[in-house]
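Analysis of the macromolecular model
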Amino acid sequence: MLLIGEVSKISQVSLRMLRYYDKAGIFKPKIIHEENGYRYYTADQLDDLYRIVELRDLGFSVAEIGTLVGEDCREKYLRAIQKKRQELESEAAGLQMKLKRLASLEADVNSNEEEILHKDVTIVLKSIPDKDVISYRKTVDNYFCEAKMWEEFGKLLAECEVPYSDSDECFSLYHDIDYREENVDIELCMVWNRGQAKIPDGLIHRQVIGCEKAVSVIVRGPYENISYAYRKFAHWLEVHEEYHMTEPTRQICYVSPVNSSDPQEYVTEILIPLCES
């Protein structure tokens, strides 16, 4: 049997933490001497202690750890670490996005306003013709869910009687009248030129009505540049007081992660319908 001090030295876990784990009920001594209150542990218990320390370092709560030690729970343990891995991957992706935004802000500080507003952005006025499309529309948690929607849309398109190809024109429609932090209404469209060919359940064959006038904003480079595009459009709209925005806004990705691994090569078009005052 091992005294608590010996367990502390061997495991490199402090006495304070060992007592805390005992109080939390996730690592209790095998025996507590009735006369002197000494705590005794077995060497086999160290396996549980090492698991506890590892799980704590990985961000598991004491309550979560309590369900993963002390018994043969391999499947539960595996599911728990897989879930935690997915959570950490999501957090890492979020941190990477914040790092990119910080780098972009740093570049802005070193630039002047004129350079920012002309950063890889081109604005022209154009008309949008009616489009015969098949579409996939959902209300999703946030705008980042659009990537997952495209995956789902692609799987459904693969079931079409006449398969789609990379040359087919696709675009996104954003139906909300304002920016949404949640419950975002997005419709994905592919121009349909296959006549009466059967389409899978879950897709809709319809006509997207065009508009006589719209601002076309061409954005080159990473998606972070889209914010600059809207800033430049705001200045354009301020000058052209005869126009107001209407909806839905469209977004077309001509070069995207689908066909380029270099964000500097991305080409995105934002189409913003206009109405006259």
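Heads up: the structure comes first, above all this text.
Thresholds, definitions, all that
- Residues numbered from 1 in each chain as written.
- Predicted model: local features only at pLDDT ≥ 70, side-chain atom pairs only at ≥ 80, totals over all residues.
- Heavy atoms only, no water.
- Patch = residues over 30% accessible without salt bridge, like charges linked within 9 Å, V, L, I, M, F, W, Y side chains within 5 Å.
- Areas by Shrake-Rupley, 256 points an atom, 1.4 Å probe, with all protein chains shown as cover.
- Salt bridge = Lys/Arg side-chain N within 4 Å of Asp/Glu carboxyl O.
- Buried < 20%, exposed > 50% of the residue type's maximum accessible area, 1.4 Å probe, protein only.
- Helix = DSSP H or I, 4+ residues; strand = E, 2+ residues; numbered from the N terminus.
- Pairing = 2+ DSSP bridges.
- Core = buried A, V, L, I, M, F, W, Y, C linked by side-chain atoms within 4.5 Å.
- Contact = heavy atoms within 4.5 Å.
- Expected span 1.5 Å × (residues − 1).
- Arc of directions from axis to C-beta.
- Axes fitted to C-alpha atoms, helices over the stretch in contact; angles between N-to-C directions.
- Parallel < 35°, antiparallel > 145°, perpendicular 65-115°, else oblique.
- Left-handed = near helix turned anticlockwise from the far one by under 90°.
- Nonpolar A, V, L, I, M, F, W, Y, C, P; charged D, E, K, R; others polar.
- Polar contact = N/O pair within 3.5 Å; in protein donor to acceptor, adjacent residues only side chain to side chain.
- Lys, Arg positive; Asp, Glu negative; His and termini not counted.

This paragraph deals with a nonpolar patch on the surface. A surface patch of nonpolar side chains, amounting to about 310 Å² of accessible area, comprises Leu 99, Leu 102 and Leu 105. For Leu 102, a relative accessible area of 53% translates into the label exposed.

Residue Pro 248 follows Glu 247 across a cis peptide bond; omega there is 0°. Inspection of the secondary structure puts Pro 248 in the loop between β10 (243–245) and β11 (249–255). Phi is positive for Gln 12, which is not a glycine, with a value near 60°. As for its position among the elements, Gln 12 is in the loop between α1 (4–11) and α2 (15–24). Located in the positive-phi region is Asn 183, a residue other than glycine, with phi close to 55°.

As summarised here, the arrangement of the three strands in space is β1-β3-β2, forming an open sheet in which the pairing is antiparallel. For this open sheet the edge positions go to β1 (2–3) and β2 (31–32), each flanked by a neighbour on one side alone. For β1 and strand β3 (residues 39–41), the ladder comprises two bridges, and the chain directions are antiparallel. Residue pairing across strands places Leu 3 opposite Tyr 40, the latter belonging to β3.

Counting residues in hydrophobic clusters, the biggest one holds 21 residues, and the most contacted among them are Val 7, Leu 18, Tyr 21, Phe 27, Leu 49, Ile 52 and Ile 65. Sorting the residues of this core by element identifies α1, α2, α3 (45–57), α4 (62–66) and α5 (74–109) as the ones contributing at least two each. Of all the elements, α3 adds the most residues to this core, at four residues. Excluding residues within four positions of it along the chain, Ile 52 makes contact with Tyr 21, Ile 26, Phe 27, Ile 65 and Val 69. Counting 17 residues, the second largest nonpolar core, distinct from the first, contains Leu 157, Ile 186, Met 190 and Ile 199.

On to helix α8 (residues 226–239). Compared with the 20 Å implied by 1.5 Å per residue over 14 residues, the 20 Å span of α8 between its first and last C-alpha is a close match. Every buried residue of α8 is accounted for by Ile 226, Tyr 228, Ala 229, Lys 232, Phe 233 and Trp 236. Projected down its long axis, α8 shows its buried positions confined to an angular sector of 150°, all on one face.

If you walk through the whole model with that rule in mind, you get 13 salt bridges. The closest approach of N and O atoms between Arg 85 and Glu 89, which form a salt bridge, is 3.1 Å. Placement of both Arg 85 and Glu 89 in helix α5 is noted, with a separation of four residues, approximately one turn of the helix. Accessibility expressed as a relative area gives 43% for Arg 85, which makes it partly exposed. Through salt bridges that share partners, Asp 22, Lys 28 and Arg 39 make up one connected network.

The N-to-C vectors of α1 and α3 enclose an angle of 55°; their axes lie 11 Å apart at closest approach. Comparing their axes, α3 and α1 come out oblique. Seen from above, α1 lies across α3 with right-handed handedness. Side by side, α1 and α3 meet where Val 7, Ile 10 and Ser 11 of the first sit next to Leu 46, Leu 49 and Tyr 50 of the second. For the contact of α1 with α3, the per-class residue count stands at five nonpolar, one polar and no charged.

It is worth spelling out the environment of Arg 206 at this point. Here Arg 206 lies in strand β8 (residues 204–208). You can call Arg 206 partly exposed: its relative accessible area is 27%. The spacing of Arg 206 and Thr 249 is 43 residues in sequence and 17 Å in space, taken between C-alpha atoms. Once residues within four sequence positions are removed from consideration, Arg 206 is found in contact with Lys 131, Asp 132, Val 133, Ser 135, Leu 173, His 175 and Glu 187. A polar side-chain atom of Arg 206 sits 2.8 Å from a polar atom in the side chain of Glu 187.

Residue position: Arg 250 is located in strand β11. No salt bridge is formed by the buried Arg 250; the nearest opposite charge belongs to Glu 169, separated by 6.0 Å. There is a polar contact of 3.4 Å between the side chain of Arg 250 and the backbone oxygen of Ile 209. Non-local contacts of Arg 250, meaning those with residues more than four positions away in its chain, are made with Ile 128, Pro 129, Lys 131, Phe 171, Ser 172, Leu 173, Val 208, Ile 209, Gly 210, Glu 269, Ile 270 and Leu 271.

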